[in-house]
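# Survey of secondary and tertiary structure
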Amino acid sequence: MANMEFKVFWDECIRQIRDNKIDEAEFHLWFEKLIYESYDNSRLIIAAPSRFYQDQVIKREYNKLIEETLEELSGNKISVEFIISAKEEPTPPQEEISQVSQPVSQVYDEKEELPPSKPVNRVAHPQLQTNFTFENYVIGNNNDFAVGAAKAIADNPGKTQYNPFLIYGGVGLGKTHLMQAVGNEVYKANPKAKIVCIPSETFVNEFIQSIRTNTQNNFKNKYRKVDILLIDDIHDLQDKNDTQEELFHTFNALYDYDKQLIFTCDRPPSELKKFNDRLKSRFQRGLMVDLQPPSYETRVAIIKKKIEATNYNNEIALEVIEFIAKNITSNIRDLEAALNRIIGYSDIVKKEITIESVKNLLTQYFTAAPQTNVSIPMIQKIVSDYFNVSIIDLKGKSRKKNITFPRHIAMYLSRELTDYSTTEIGIEFGGRDHTTVMHACSNIDGKLKADSTLEPMISELKKKLYS
Ligand code: ADP
Ligand code: MG
C-alpha cells in the first residue's frame, strides 16, 4: 500500500482507539501528539514530540495497541516505529538570551553543555530553596517517570500537555524538592519569569486576610498573573471550601493562558475528602504522577549524594552507607536526618564512623515510627524542661535569645510532629500570627543545615516526647 493511502488506516486507527479503547484523558496525553510520518513495507513510522513522550508511549505499550488496532483494520501485521520530530529542544531565540544578560549579579554556569554566553542568575528566588534542583535529585525507578515529566515541563512551562502537573506520594519522598526543581530550572533559564511557590497554607491565609481587609482584588491580581504557580501540599485545603473555590478560579485564569500549574499532595486527588469536585476534575486534565519509596540502590545513591553535599571531609566507609540504606527504608527525609545525626556525632566526638556507632545512634530510626500522639502542650513541657525556661516564657513576649531559641524549637516541633496548622500553633504560643510560626520553622530549618549539632538535640527532644 502506498504511503499516503495508509494514512487513512492511521486516522481510523486513532479514532477507534479514542472512541473505544482508552479513556479520554489518557488519549489526550499520549496520542494527540503522535503524527503520521510514513508507511512502507508493513512499517509505519510515527513522529513523537520528544524522546520522553516516545518512551512513555512504549512503556505503556500503546505501540502494541496501535499495532493490534491496525491489524484489525487492515488484516495485516504492521510494525510501528517512532522517530522524534525535529522540533524537539529548540534553541532559544537570540533575544531571549540577551534579555537575561543584564542583571548585576550573574555568573557563568560551570556546566559544559551550556553555551559560554548563557548567563545564570545568582540572586536566589525568595520562595525557592536553592538546593532543591534537578542536579541534586537522584533518579531511581521510583521516580524516573516523574522526573522526566518535570524536566519536560521545566523546558517548556505551560506548553506541554502536562498542565497541571500533580505530584503525589507519602511524606519525605521528594515531592517538594521535585516541584521546586522545576521552579529553579525555569528561574535559571529566565530570571524574569514570574514564579510563585507557596505552601497551601499561605494561599489560605492570604485569601482569608484579603477578605478581612477587603483587598480581594490585590489577591486575585497577585495569583492570576503569574507564569508558573507551584502550590505545595494541597491536601491542606481539605475542608476549606471558599479557598478551594478561589483556587478553582485562579486555576482557570492561569490554565486558559497556558501558564504552568504544579501541585503536590500526600495522596491521589481522588482520595481527597471534602474537596471541590470541579477542582479535582481539573487535576485530571494534565498529568498526575506518584513518587514511590526508593529502592535500596537508590537509597545508597542518595546517601552518597547527600554526603557529597555536606562539608564533611572524612570518608564514610561504603559498608556504613550500605548499612544505613538497608535499615532506613521509610523515606528520604529520615535517611537525610539519620545521616545528619551521624555526621554531627562524628564531628563532635571526632571519632570515625563505624557500623557499631551507627547502630547506637540510629535505634530510633530503625524501629517502626512511634504511634503516640504528640500534643502541643507536651512539646512545650518537654522543651521548657530541656532548656530550663518556663512555659509562660515560651508563650510570652520576651525577645531574649535564651527564650526565643527554645520557643522556635517548640514551634518547629509542633509543626513537624502534630497535624496543627501554623495558625493553630500560633494560637497555642500566646496568640501569635501564623507568619511568626512559619518564620520560626524556617529559622530552625536553616540552623539545622548550618549547624550539625542541632540535629542530635532535636532527635533527643523527639525521643523524650515518644518515650
Ligand atoms: P516531601 O515533600 O515529599 O515530603 P521533600 O521534597 O521535602 O519530601 O524531600 C525530603 C528530603 O529528601 C529533602 O531534603 C529532599 O532534598 C530529599 N530528597 C527527596 N527525594 C530525593 C531524591 N530523589 N534525591 C535526593 N534527595 C531527595
Ligand atoms: Mg513537602
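Everything below is about the structure printed above this text.
Throughout what follows, the structure given in this document is the object of discussion. Everything numeric here is computed off the predicted structure, so don't read it as measured data. (Residues numbered from 1 in each chain as written. Chains lettered and ligands numbered in written order. Predicted model: local features only at pLDDT ≥ 70, side-chain atom pairs only at ≥ 80, totals over all residues. Heavy atoms only, no water.)

### As for the site of ligand 1
In the vicinity of ligand 1, 18 residues are found, and the nearest of them are Val138, Gly172, Thr176, His177 and Glu336. In this structure, a nitrogen atom belonging to ligand 1 sits 2.8 Å away from a main-chain N or O atom of Val138. At 2.9 Å from an oxygen atom of ligand 1 is found a side-chain nitrogen or oxygen belonging to Arg333. Compared with its free state, where it exposes 560 Å², ligand 1 has 93% of that area covered by protein. Among the elements of the structure, α7 (175–189), α12 (296–309) and α14 (332–349) are those that each provide at least two residues to the shell around ligand 1. Residues of the shell around ligand 1, tallied by class, amount to seven nonpolar, seven polar and four charged. Looking at which domains feed residues into the shell around ligand 1, each of domain 2 (144–291) and domain 3 (296–366) supplies at least three. (Near = heavy atom within 4 Å. Polar contact = N/O pair within 3.5 Å; in protein donor to acceptor, adjacent residues only side chain to side chain. Areas by Shrake-Rupley, 256 points an atom, 1.4 Å probe, with all protein chains shown as cover. Helix = DSSP H or I, 4+ residues; strand = E, 2+ residues; numbered from the N terminus. Nonpolar A, V, L, I, M, F, W, Y, C, P; charged D, E, K, R; others polar. Domains from an automatic or database assignment.)

### Side note on unusual backbone geometry
Put simply, Asn163 and Pro164 share a cis peptide bond, and its omega is 0°. Among the secondary structure elements, Pro164 is positioned in the loop between α6 (144–155) and β6 (165–168). Phi is positive for Asn214, which is not a glycine, with a value near 55°. In this structure, Asn214 sits in the loop between α8 (200–212) and α9 (216–224). Residue class for Asn214 comes out exposed when judged on its relative accessible area of 65%. (Buried < 20%, exposed > 50% of the residue type's maximum accessible area, 1.4 Å probe, protein only.)

### Focus on the pattern of salt bridges
Following the criterion strictly, the structure yields 19 salt bridges and no others. Salt-bridge contacts for Asp11 lead to Lys7; the nearest nitrogen and oxygen are separated by 3.2 Å. Of this pair, Asp11 and Lys7 both sit in helix α1 (residues 3–21), four residues apart, roughly one helical turn. A salt bridge links Lys222 to Glu206, with the nearest nitrogen and oxygen atoms 2.9 Å apart. On the criterion of sequence distance, the pair formed by Lys222 in helix α9 and Glu206 in helix α8 is long-range, its members being 16 residues apart. (Salt bridge = Lys/Arg side-chain N within 4 Å of Asp/Glu carboxyl O.)

### What about the sheet that holds strand β10 (residues 287–290)?
Strand-to-strand pairing in sheets goes through backbone hydrogen bonds, with the strands running parallel or antiparallel. Taken in spatial order, the five strands line up as β7-β8-β9-β6-β10 in an open sheet, and their pairing is parallel. In this open sheet, the two edge strands, each paired with only one partner strand, are β7 (195–199) and β10. Along the sheet, successive strands turn relative to each other by an average axial angle of 10°, direction set aside. Pairing of β6 with β10, which is carried by four bridges, proceeds in the parallel orientation. Note on β10: the bridge partner recorded for Tyr168 is Asp290. (Pairing = 2+ DSSP bridges. Axes fitted to C-alpha atoms, helices over the stretch in contact; angles between N-to-C directions.)

### Overview of the pairing of β7
When you tally the buried positions in β7, you get four out of five residues, the bulk of the element. Here β7 pairs with strand β8 (residues 228–232) via five bridges, running parallel. Counterpart to Ile195 in the pairing with β8 is Ile228.

### Some thoughts on the sheet that holds strand β2 (residues 43–48)
Taking strand neighbours across the sheet as the criterion, the three strands line up as β1-β2-β3 in an open arrangement whose pairing is mixed. The strands lining the two open edges of the sheet, one partner per strand, are β1 (35–40) and β3 (79–84). Each strand of the sheet is rotated relative to its neighbour by a mean of 25°, with strand direction disregarded. Contacts between helix α3 (residues 51–59) and the sheet are confined to β2 and β3, with β3 contributing the most and set at about 160° to the helix. Along the sheet, helix α4 (residues 62–74) contacts β2 and β3; its crossing angle with β3, the most-contacted strand, is approximately 135°. (Contact = heavy atoms within 4.5 Å.)

### Brief notes about α6
Over its twelve residues, α6 extends 17 Å from the first C-alpha to the last, a length consistent with the 16 Å expected when each residue adds 1.5 Å. The buried fraction of α6 is high, at nine of twelve residues. Among the residues of α6, Phe145, Ala146, Val147, Gly148, Ala149, Ala150, Ala152, Ile153 and Ala154 are the ones counted as buried. (Expected span 1.5 Å × (residues − 1).)

### Some remarks on α14
End to end, α14 covers 26 Å across 18 residues, agreeing with the expected 26 Å (1.5 Å per residue, within 8%). Within α14 the residues assigned to the buried category are Ile332, Leu335, Ala337, Ala338, Leu339, Arg341, Ile342, Ile343, Gly344 and Ser346. With a side-chain oxygen positioned 2.9 Å from the backbone nitrogen of Arg333, the residue opening α14 is Asn331. Looking one or two residues beyond α14, the residue adopting positive phi is Lys350, at roughly 50°.

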